[in-house]
Amino acid sequence: MVSSIGVTTCPRGQPGQPSPEVHWAQCRAAGRQKGLGLLYSALVRPRPEYCEQLRAPQGEKDLRVATTCPEEGNKDAERAMAVTILVWVLQQLILNVRVVGDERDEARRDHSSFPGLGSRFGIGSTMEGWSPSEENIIYRVLVSLIPPYGHAFLPELCNPGETPERNFRIRVQLVCTCKTEQLVGDMLCFIHHDEEEQRRNQGPSLLQTVCTGSYLDVQKTACRFHQLVKACWVVLPHSRRWRLTMLPCNRSCKFKMAKAEEEIIIEIMLGVQQGNSDIFLSSQASEALFTPSTTWTSSCAVAEAKFFERLARRAPDGSFHLRCLQLCARILVGTGFSEYALKTVVMHLLNTTPLSGWHRTHFLLRLDDIMRYLCHCLEEKRLDHFFFGNEKIPEEIVLPPALQRAEPFNLFQHLAQDPDAQAQAMREFTDMQDRLTRMLANDN
């Protein structure tokens, strides 16, 4: 059963759940005082322990401290500083500041016309600390969306009865806010106030800006987000040193920040949290050839980052688990194996092998374990998803009840259905073993 996000109680006889509007107003006020911190450590040393929920500086004073020019020649610090500025831009979108770029133009974010921006998380191989490539690195961040004032998000399965539950639509529903109008100033109830008066005072509703019909549209939301960041960026002093280029991407927001010969790429995924869990309905495309713009896919990226973050806190000095994963990921190039399948294999082993066994002195043993585990999965034509129905998930990671109860999902289902695909996978596995042997021999 999928729960709604932001359903309210209408004082005019519409039953429902507790209203989020007071909480929304309190969060806005708290954001002005608390701010959101820095991204510096997460990017200078991209290991999980430095990649907790992203934060940005508090106001202009903290921004000046955060953006103090690093020591000349410290390229990692310069890159970190540049991305910190971009995160600060996100903070300004949250606080609803007025931004003036050109004297003729003014960009203002209305609370009702775009989702609120909630928690931010570093995700993916770079932020988890095992990126297989040293070039063309992409820093990925997932930004959670929360329903703006007067709205509720109601996730619905695209295909009821689908197992596992992976593809959703997010229905946007207007909710009564008559009880809370005095707490949030001039914001009017979308249901019980004149439409023309609403348009004059607070702009259009979410349904009129980033929705297709009654459903939140991924592409419209990403496009609008691009526009908001661009409007804020041009007035920042660091825009004179770093060029921000919007890269084409339909379902996420991708930016290239360049200065002289330096450039970094940041991809911002958008997502709606499932209840209080670490699972999000994200803007990432599904595995289908075509993903409708109103489809949001279930993503475990935050739960995975949290898993590696937990390991980083507990692992003893000299742990090589990330190095093992990185090295194995490099031998996948040119094969039909995905990095995600390999990552799943390693997560299963990390969850069953004591962390002391991942010390550098056991490096070759653990590499052998990874290859043997993968070979066994290929022979059995079965690799269980790490989170679906796994009873050994660390308790710090919060999963929706439906996912906890779900039958294990087979990532190698296509091999079970296609004998030719399995035969090809076994041949590629043999090539991978040879490649790993040569790589280790060359290192020695």
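Above: the structure in question.
What this report covers is the structure whose coordinates are included nearby.

Cut-off values and rules
- Residues numbered from 1 in each chain as written.
- Predicted model: local features only at pLDDT ≥ 70, side-chain atom pairs only at ≥ 80, totals over all residues.
- Heavy atoms only, no water.
- Salt bridge = Lys/Arg side-chain N within 4 Å of Asp/Glu carboxyl O.
- Helix = DSSP H or I, 4+ residues; strand = E, 2+ residues; numbered from the N terminus.
- Expected span 1.5 Å × (residues − 1).
- Buried < 20%, exposed > 50% of the residue type's maximum accessible area, 1.4 Å probe, protein only.
- Polar contact = N/O pair within 3.5 Å; in protein donor to acceptor, adjacent residues only side chain to side chain.
- Core = buried A, V, L, I, M, F, W, Y, C linked by side-chain atoms within 4.5 Å.
- Contact = heavy atoms within 4.5 Å.

1. Here we look at the pattern of salt bridges
Across all of its chains, the model carries twelve salt bridges by this definition. E267 serves as the salt-bridge partner of R140, at 2.9 Å between the closest nitrogen and oxygen. A residue pair is termed long-range when its members are at least 10 positions apart, and R140 in strand β4 (residues 138-146) and E267 in strand β11 (residues 262-273) qualify at 127 residues. Residue E309 pairs with R313 through a salt bridge whose shortest N-O separation is 2.9 Å. Here E309 pairs with R313, and both are found in helix α8 (residues 301-314), just four residues apart, close to one helical turn. A cluster of three or more residues bridged by salt bridges with shared partners is formed by E128, E304 and K343.

2. Quick word on helix α14 (residues 419-443)
With 25 residues, α14 ought to run about 36 Å at 1.5 Å a step, and its terminal C-alpha atoms sit 36 Å apart, in line with that. All of the buried residues along α14 are Q422, A425, E428, F429, M432, L436 and L440. Where α14 begins, the side chain of D418 points an oxygen toward the backbone nitrogen of D420, at a separation of 3.1 Å.

3. Overview of the nonpolar core
As a rule of thumb, soluble globular proteins bury nonpolar side chains together. Counting 52 residues, the largest nonpolar core has I370 and F387 as the members making the most contacts within it. Counting residues per element, the ones that place at least two in this core are α8, α9 (321-330), α10 (339-352), α11 (363-380) and α14. Residues contacting I370, with those up to four places away along its chain left out, are C324, C328, L342, V345, V346, L349 and W358. Counting 34 residues, the second largest nonpolar core, distinct from the first, contains L157, I170, L206 and L244.

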